[in-house]
Amino acid sequence: MNTEPLAFRMRPKNLDEIIGQNEIIGKQTSLYKMIKNGHVPSMLLYGEPGIGKTSIAYAIAGTTKIPFIALNATTAGKKHIEAVVDETRLTGQVILFLDEIHRFNKAQQDYLLPHVERGDIILIGATTENPFHDVNPAIRSRCGQIKQLTRLSVEETITLLQRALSDEKNGLGKMDIRITEEQIKKIALNSNGDARKSLTLLESTVYSSTRDEDTYIIEDEVIDDLGGNVGVYGDKKGSNFYNLLSALQKSIRGSDVHASLYYLAHLLEVGDLVAVNRRLLVIAYGDVGLADPSVGNNVLAAV
């Protein structure tokens, strides 16, 4: 039994195996053609967790065959970058994938600059935050591509799950799994566009289901139990949290009840009730209060 998680094993090996993000790295895009022709630009990839930033970096490395080094900025320091620089002296050029690049301080980012500018290091930085706010402008200016990734659609997630179920080398293809198309769709819906979560949920569902000799019989109840809360993304101190606050305010301003409740639910899941109350007061006085001045006092009393 392979002990590596399914999501890790199913990571794409080249650009043609990537599912989703067609507007960024699809066959019709300039970035795809550029990489296929042997030129890899430094770039920044940003977006929510589980939507393919790391996968794209590994797929680029697998397509170009340029030496590849992956680091995480939460644990890497200057000595790790120095080791990467030493590697360039031996190989001439390396691709450095730096996850959570916004965690590097200015001095650490500045150390990268001359090497990225010369092209010794091809930097692929990934971040869950907006790089226009959280990444050193000097680094941004040396990245020819800054791309925002989006969640997978339900159809794309289903394609990913079906590939995992049929892949005999890296996926679950060697296992006898009895699963319906409706159950695959349910897993896709529960993962909410998060590729990593969809594969993790699939793997957990298989090993939690009834086993009849060598056959795994997938049950709806197991999917519902494991799927549970599809989860939300919103770091209290991250830019996406403030995007959610802004979306809530604009939804209320536009009298969209369903959207207002949706974004409020996201914010409550994140857990910063103080910030939510502050924004509701702003809305009460600055938006709704223009039509009904009493609303502000009522909201303040409720808070």
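Computed from a prediction, not measured in an experiment: that's the story for all the values here. (Residues numbered from 1 in each chain as written. Predicted model: local features only at pLDDT ≥ 70, side-chain atom pairs only at ≥ 80, totals over all residues. Heavy atoms only, no water.)

Per the counting criterion, the structure on display carries nine salt bridges. With a shortest N-O distance of 2.5 Å, Asp-86 and Arg-89 are connected by a salt bridge. On the criterion of helical spacing, the pair formed by Asp-86 and Arg-89 is a turn pair, its members being three residues apart in helix α5 (residues 78-91). According to the relative accessible area criterion, Asp-86 is partly exposed, its value standing at 41%. (Salt bridge = Lys/Arg side-chain N within 4 Å of Asp/Glu carboxyl O. Helix = DSSP H or I, 4+ residues; strand = E, 2+ residues; numbered from the N terminus. Buried < 20%, exposed > 50% of the residue type's maximum accessible area, 1.4 Å probe, protein only.)

This part covers the packing of helix α15 (residues 273-286) against helix α16 (residues 294-302). Between α15 and α16, the shortest axis-to-axis distance is 7 Å and the interhelical angle comes to 165°. Put simply, α15 runs roughly antiparallel to α16. Classified by chirality, the crossing of α16 by α15 is left-handed. For the pair α15 and α16, contact is made by Leu-280, Leu-281, Ala-284 and Tyr-285 and by Val-295, Gly-296, Asn-297, Val-299 and Leu-300, respectively. Its residues assigned to classes, the contact of α15 with α16 comprises seven nonpolar, two polar and no charged. (Axes fitted to C-alpha atoms, helices over the stretch in contact; angles between N-to-C directions. Parallel < 35°, antiparallel > 145°, perpendicular 65-115°, else oblique. Left-handed = near helix turned anticlockwise from the far one by under 90°. Contact = heavy atoms within 4.5 Å. Nonpolar A, V, L, I, M, F, W, Y, C, P; charged D, E, K, R; others polar.)

To continue, consider the sheet that holds strand β7 (residues 210-212). Strand order across the open sheet formed by three strands is β6-β8-β7, with mixed pairing between neighbours. Here the strands that pair on one side only, and so sit at the sheet edges, are β6 (176-178) and β7. Adjacent strand axes in the sheet meet at a mean angle of 25°, parallel and antiparallel pairs treated alike. As paired strands, β6 and strand β8 (residues 215-217) are joined by three bridges and run parallel to one another. Note that in β8 the partner of Ile-177 across the bridge is Tyr-216. (Pairing = 2+ DSSP bridges.)

Quick look at the nonpolar core now. Ile-177, Ile-179 and Leu-202 are the most contacted members of the largest nonpolar core, which has 23 residues in total. Counting only elements with at least two residues in this core, the list comes to α9 (154-166), α10 (181-191) and α11 (195-208). Judged by nonpolar contacts, the second largest core, of 22 residues, contains Ile-18, Ala-59, Ile-60 and Ile-122. (Core = buried A, V, L, I, M, F, W, Y, C linked by side-chain atoms within 4.5 Å.)

What follows covers the environment of Ile-56. Assignment of secondary structure puts Ile-56 in helix α4 (residues 53-64). Taking the C-alpha atoms as reference points, Ile-56 and Ile-124, 68 residues apart in sequence, are found 9.6 Å from one another. Sequence-distant contacts of Ile-56, that is, excluding residues within four places in its chain, are made with Ile-18, Gln-21, Ile-25, Leu-45 and Leu-149.

Looking now at the sheet that holds strand β2 (residues 68-72). The five strands are arranged β2-β3-β4-β1-β5 in an open sheet whose pairing can be described as parallel. Looking along the sheet, the strands with just one partner apiece sit at the ends: β2 and β5 (145-148). Averaged over all pairs of adjacent strands, the angle between their axes in this sheet comes to 15°, without regard to strand direction. Note that β2 and strand β3 (residues 94-99) share five bridges and pair parallel. Paired with Ile-69 across the two strands is Leu-96, which belongs to β3. Packing against the sheet, α5 makes contact with β2, β3 and β4 (121-127), and its axis sits at approximately 165° to β3. Its contacts with the sheet put helix α6 (residues 106-118) on β3 and β4, and the angle it makes with β4 is roughly 130°.

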